[in-house]
Amino acid sequence: MTQDLSYLKETPSQTAGPYVHIGLAPGAAGFDIYRQELGWDIAGPNAAGERIRVEGVVIDGTGSPVKDVMLEVWQANADGIYAHPEGGEAEDGFRGWGRVITDFETGEWGFDTIKPGRVMGRNGRLMAPHINLWIVARGINLGLNTRIYFDDEAAANAEDPVINLIEWERRRATLIARRADRDGQIVYRFDIRVQGQDETVFFDI
Amino acid sequence: MTPAEFYARDRRWHPPALDRDYKTSVTRSPQYAAISLQNSASEITGPVFGHNDIDPIDNDLILNYAAPGAAPIGERIIVHGRVLDENGRPVPETLVEIWQANAGGRYRHKKDTYLAPIDPNFGGCGRVLTDEDGYYFFRTVKPGAYPWRNWVNDWRPAHIHVSVFGSGFAQRLITQMYFEGDPLIARCPIVNTIPDKAAIGQLIAALDMNATIPLDSIAYKFDIVLRGRRSTLFENRLEGN
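Treat the numbers as computed from the prediction; the structure is a model and nothing was measured.

**Student:** Would you mind going over the interface of chain B and chain A in detail, with residue names and values included?
**Tutor:** Of the residues lining the interface, 93 residues belong to chain B; the matching set on chain A comes to 81 residues. Carbon and sulfur atoms supply 55% of the area buried between chain B and chain A, which totals about 7,700 Å² over both sides. Looking only at chain B, the three residues that lose the most surface to chain A are B:Arg28, B:Ile35 and B:Phe169, adding up to 11% of its buried area. Counting across the interface, chain B meets chain A through 11 salt bridges. In this structure, B:Arg172 engages A:Glu72 in a salt bridge whose closest nitrogen and oxygen atoms are separated by 2.6 Å. At the junction of chain B and chain A, the tally comes to 54 residue pairs in polar contact (both at pLDDT 80 or more). If you list the elements that add at least two residues to the side of chain B that touches chain A, you get β1 (35–36), α1 (41–44), β2 (76–85), β3 (95–100), β4 (125–129), β8 (159–164), β9 (173–179) and β12 (224–226) of chain B.

**Student:** Can you break down the side chain of B:Asp19 residue by residue, with the values?
**Tutor:** Mapped onto the fold, B:Asp19 is located in the segment before β1. The buried charged residue B:Asp19 lacks any salt bridge partner; its closest oppositely charged side chain belongs to B:Arg20, at an N-O distance of 8.1 Å.

**Student:** Could you give an account of the packing of aromatic side chains, with specific residues and numbers?
**Tutor:** Throughout the structure, instances matching the rule amount to 15 aromatic pairs over all chains. Here B:Phe179 and B:Tyr220 contribute two aromatic rings whose centre-to-centre distance is 4.9 Å and whose plane-to-plane angle is 85 degrees, an arrangement assigned as edge-to-face. Note that B:Phe179 is positioned in strand β9 and B:Tyr220 in strand β11 (residues 218–221), a separation of 41 residues in sequence. When its relative accessible area of 0% is taken as the criterion, B:Phe179 is described as buried. Grouping aromatic residues by their ring pairs yields a cluster made of A:Tyr19, B:Tyr107 and B:Tyr146.

**Student:** An account of the nonpolar core is requested, with residue identities and associated values reported.
**Tutor:** Grouped together as the largest cluster of nonpolar side chains are 51 residues, with contacts concentrated most on A:Ile22, A:Phe203 and B:Trp99. Of all elements in the fold, only α1 (20–24), α2 (26–29), β2 (70–75), β3 (97–101) and β5 (131–136) of chain A together with α1, β3 and β4 of chain B reach the threshold of two or more residues within this core. In terms of residues, this core owes the most to one element, α1(A), which gives three residues. When neighbours within four sequence positions are excluded, A:Ile22 is seen to be in contact with A:Ala29, A:Phe31, B:Trp99, B:Tyr107, B:Arg108, B:His109, B:Gly123, B:Gly124 and B:Cys125. With 37 residues, the next largest nonpolar core counts B:Ile77, B:Val128, B:Trp148 and B:Phe179 among its residues.

Cut-offs applied
- Residues numbered from 1 in each chain as written.
- Chains lettered and ligands numbered in written order.
- Predicted model: local features only at pLDDT ≥ 70, side-chain atom pairs only at ≥ 80, totals over all residues.
- Heavy atoms only, no water.
- Contact = heavy atoms within 4.5 Å.
- Buried area = accessible area lost by both parts, 1.4 Å probe.
- Salt bridge = Lys/Arg side-chain N within 4 Å of Asp/Glu carboxyl O.
- Polar contact = N/O pair within 3.5 Å; in protein donor to acceptor, adjacent residues only side chain to side chain.
- Helix = DSSP H or I, 4+ residues; strand = E, 2+ residues; numbered from the N terminus.
- Buried < 20%, exposed > 50% of the residue type's maximum accessible area, 1.4 Å probe, protein only.
- Lys, Arg positive; Asp, Glu negative; His and termini not counted.
- Phe/Tyr/Trp six-rings, centres within 6.5 Å; stacked < 30°, edge-to-face > 60°.
- Core = buried A, V, L, I, M, F, W, Y, C linked by side-chain atoms within 4.5 Å.

Here's what the structure looks like:
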């Protein structure tokens, strides 16, 4: 016999289902209930840094858009600081967290934010600028974690300790958003393939 | 200094991405293995919520969408419990959000077309921050079972969807709470994506007569456990590496 470790077990996950919007974005479900829905303003009006938009679509194993997905965004500010007691002090109004809902007809999604700065990674190695994503939907039994990196940060990406953990170099490209200028607005494209050819890299964090 | 990490998630305790009996997972499950990351600041930090974000009525689903003086149809229930971590410590001031069907098994969602009617006095969502002991409660009506297109005659057991944050993004969790004694639990393909019976038991709220409000509302207790975190800080790299 040995001593009992007496840890609790994490509550197991279940799919968010098709009606996740009722709970987390009731406006998208078609009704108004709360004084304010959470997660619509990621950076706030005072945030320093470059204003960007990120757009994409989540694609399933048949090549079709996933139209009922919900994404959550978690990112640092332009100085690489997370708005969290262990992150440091971010500017007033910067939360760095948001919720992103797809268009129910097309599956297209997009969000406005500021481009994050580099965050210190493990063992004193700087990470390249990135946005953390968590993806839930009907048919997804445990939320999928991935990261959005930026194609105009080639030097930082090349030394990023997380990107470099991915053994297959051709899979690294699935994490790199493509920058474009749309009438003066900076828009990054980031499509997510949950299954199949060019499947996006997901992380067990 | 590398920040203290969360304990590795026990992926065998959670449902696998692919379960053929839950058909929608077949084309929405990654085929490649996830890349395992040791936590950095990106995973250890997470959004912080405060009382300015929500209102006191938000956790009362009997009142938060009802017309003045009206109430939704259904069995009045209290759902209460604590949010703890794997070390057994309370998770204070964390956001818990729920959503559910009404007593007839119908969701207030423009994509739900089930025969059962919408209840004009029921929205079907609520949210609350845990207190300093990790405690939370909601008042609502018991949701109804409803059919869904999987196999041709599948019915979801009565359930409430639950979303929890914790202090770090790596703790983010969405799950579903079921009700003690429901015979549909054992037949449900979504419940049965979870391989371990003991893990399924963690999702079944117990009837809690001590928390019942006599002549008013019956109570169910549902504790939620989020990933625990190391308390020892040791660098795992040698100097100079």
